[in-house]
Amino acid sequence: MTLPLFFSVMSLNCSLWQDNSMSVKRFAFARFSEVTEQCFLLFTLILLMFLSSLTGNALIATAIWTNPVLHTPMYFFLANLSLLEIGYTCSVTPKMLQSLVSEARGISREGCATQMFFFLLLGTSECCLLAAMAFDRYMAICSPLHYATRMSRGVCVHLAMVSWGVGCMVGLGQTNYIFSLDFCGPCEIDHFFCDLLPILALACGDTSHTEAAVFVAAILCVSSPFLLIIASYGRILAAVLSMPSPEGRRKALSTCSSHLLVVTLFYGSASVTYLRPKASHSPGIDKLLALSYTVVTSMLNPIIYSLRNKEVKAALRRTLGKKKAHNLRLKKEREEQNEEKPGGKRLSEAPNQMPCFGGDILVNSLPGLGVLSDLTRLRVTTPFTSFDIRRSLT
């Protein structure tokens, strides 16, 4: 099965989606394949990866926020990365899954612009955040005595805000620039989401200047953070090699290995997609690469950080253990409440007990307790606690 066959393109009549000015107001995603079994197989694989990504990143973020021991700069950035991955995947995958198994493959021009904006916002923010994480590791290894002051909570928050802010500006600028062009047909997007180059291919007239501007923006957004990462790890490597203790070198490198692996996966596929010459682009290869950095990388990140980090694994166990204990406690309370309802087994076996839902109660003031006049003590049970009250002897 070859890529051109698997990611086949279906010609689409756009005349119904054009207004009086012949400008296309709606697009449609090309079919992945004309073979239903292939589409269903791909749908199943992507859905499993999507759910794994959401679950893994949500667990990582929850474990970090609920465990005070992980309230450090490194894990603050990791929690932000997990939230970015959730949004990044959700901006693309649901529409892609719908297009795989449904004939409703259309998307409005405004919807396409919205999807592109969030994709660029979250993708650019992730590039900047990975650079901030590399800077954090550089400060931890190369300046350990000043790490606590130079990477304070305020500094970390500012770095995260800058990452999100840069992503927002790039997303707004690029989306507005591209959708200010005229689209007069064709209207079929040869991709599974509204990416930059597939949308540019649908624009009318000569788009060479626009493509050059997008290429320059991609270099700035992708290469600049990557160069900062390279510079940080260059200094880290020099500092590690100068350490006299092999154990110290091993520990220093182990704190960076997970981040390096994530950077390699993300930047490898993104760089090949956006920084290679236009003549070497192939729709099938582009779709596989896009699938890699939108779904596969997002799914692998939680696995990488949890498998290679003992603190994260311990936090995940504590978080899941708390959840399990909470569920067991709720189940036990429900069982106790059911047993203590009127007519239940506990009441029939112990007539000197009765349900009480709040308030101070004197036995003499309870109606219908004449049969208990010989008792001087009564056990009162509530859904949450139980206590003894004594009959007033006056």
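(A) Structural context of the sheet that holds strand S2 (residues 106-108). As summarised here, the arrangement of the 3 strands in space is S2-S1-S3, forming an open sheet in which the pairing is mixed. In the strand order of this sheet, the two ends are held by S2 and strand S3 (188-189), each with one partner. One ladder, built from 3 bridges, connects strand S1 (residues 26-29) with S2; its direction is antiparallel. Opposite Arg26, over in S2, you have Ser108 as the bridge partner. Running at roughly 85° to S2, helix H5 (residues 109-142) makes contact with S1, S2 and S3 of the sheet.

(B) Summary view of the state of the cysteines. Applying the stated criterion across every chain, the model contains 1 disulfide. The side chain of Cys112 participates in a disulfide bridge whose partner is Cys194; the two sulfur atoms lie 2.0 Å from each other. Its torsion about the S-S bond being -125°, the disulfide of Cys112 and Cys194 is classed as left-handed. One end of the pair, Cys112, is in helix H5; the other, Cys194, is in the loop between S3 and helix H8 (196-200), and 82 residues separate them in sequence. A relative accessible area of 0% places Cys194 in the buried class. Among the cysteines around Cys256, which has no disulfide bond, Cys142 carries the closest sulfur, lying 8.9 Å off. What makes Cys256 buried here is its relative accessible area of 2%.

(C) Structural detail: the pattern of salt bridges. Applying the stated rule across the entire model yields 2 salt bridges. Residues Asp136 and Arg137 are paired through a salt bridge, measuring 3.0 Å at the closest nitrogen-oxygen approach. For Arg137, a relative accessible area of 9% gives the class buried. For Arg250, the salt bridge goes to Glu247, with nearest N and O atoms at 2.7 Å.

(D) Examining the confidence of the model for the protein chain more closely. When pLDDT is averaged along the protein chain, the result is 77; 74% of the residues meet or exceed 70. In this model, residues 1-11 is a region of pLDDT below 50 whose contacts with residues beyond four sequence positions or in other chains number 29 contacts. For the stretch residues 344-378, pLDDT sits under 50, and the model shows 54 contacts to residues farther than four places along the chain or on other chains.

(E) How the structure looks around helix H7 (residues 153-178). With 26 residues, H7 extends 38 Å from end C-alpha to end C-alpha; this agrees with the ideal 38 Å at 1.5 Å per step. Residues of H7 that are buried: Cys156, Ala160, Ser163, Gly167, Val170, Gly171, Gln174, Thr175 and Ile178. Contacts from the buried residues of H7 go to helix H3 (73-90), H5, H8 and helix H9 (208-241).

(F) Examining the environment of Leu288 more closely. For Leu288, the location among the structural elements is in helix H11 (residues 283-307). On the accessibility criterion, Leu288 (38% relative accessible area) is partly exposed. The spacing of Leu288 and His191 is 97 residues in sequence and 10.0 Å in space, taken between C-alpha atoms.

(G) Main features of the environment of Ser242. With respect to the element layout, Ser242 can be found in the loop between H9 and helix H10 (246-274). At 2.7 Å, the side chain of Ser242 and the backbone oxygen of Ala239 are in polar contact.

(H) The packing of aromatic side chains, seen in detail. In this structure the tally under the stated criterion is 12 aromatic pairs. An angle of 85° between the planes, with centres 6.4 Å apart, marks the rings of Trp65 and Phe76 as edge-to-face. Here the residue Trp65 occupies a position in helix H2 (residues 36-66), and Phe76 occupies one in helix H3, the gap between them amounting to 11 residues. Taken together, a centroid distance of 5.1 Å and an interplanar angle of 65° make the contact between Phe117 and Phe118 edge-to-face. The class for Phe117 is buried, based on a relative accessible area of 17%. For Phe118, a relative accessible area of 40% puts it in the partly exposed group. An aromatic cluster of at least three residues, connected via ring pairs, comprises Tyr88, Phe119, Phe192, Phe193, Phe226, Phe266 and Tyr267.

(I) Broad picture of the side chain of His191. The residue His191 is located in the loop between S3 and H8 in this model. Beyond its immediate sequence surroundings of up to four residues, His191 is in contact with Phe29, Ala30, Pro198, Asp286, Lys287 and Ala290.

(J) Molecular detail of the nonpolar core. In this structure, Phe27, Leu130, Phe179, Phe183 and Ile199 are the most contacted members of the largest nonpolar core, which totals 87 residues. Top contributing element to this core by residue count: H5, with 18 residues. The residues contacting Phe179, other than those within four sequence positions of it, are Phe27, Arg109, Cys112, Ala113, Met116 and Ile199.

Parameters and conventions
Residues numbered from 1 in each chain as written. Predicted model: local features only at pLDDT ≥ 70, side-chain atom pairs only at ≥ 80, totals over all residues. Heavy atoms only, no water. Pairing = 2+ DSSP bridges. Helix = DSSP H or I, 4+ residues; strand = E, 2+ residues; numbered from the N terminus. Contact = heavy atoms within 4.5 Å. Axes fitted to C-alpha atoms, helices over the stretch in contact; angles between N-to-C directions. Disulfide = S-S within 2.5 Å. Buried < 20%, exposed > 50% of the residue type's maximum accessible area, 1.4 Å probe, protein only. Salt bridge = Lys/Arg side-chain N within 4 Å of Asp/Glu carboxyl O. pLDDT = per-residue confidence, 0-100. Expected span 1.5 Å × (residues − 1). Polar contact = N/O pair within 3.5 Å; in protein donor to acceptor, adjacent residues only side chain to side chain. Phe/Tyr/Trp six-rings, centres within 6.5 Å; stacked < 30°, edge-to-face > 60°. Core = buried A, V, L, I, M, F, W, Y, C linked by side-chain atoms within 4.5 Å.

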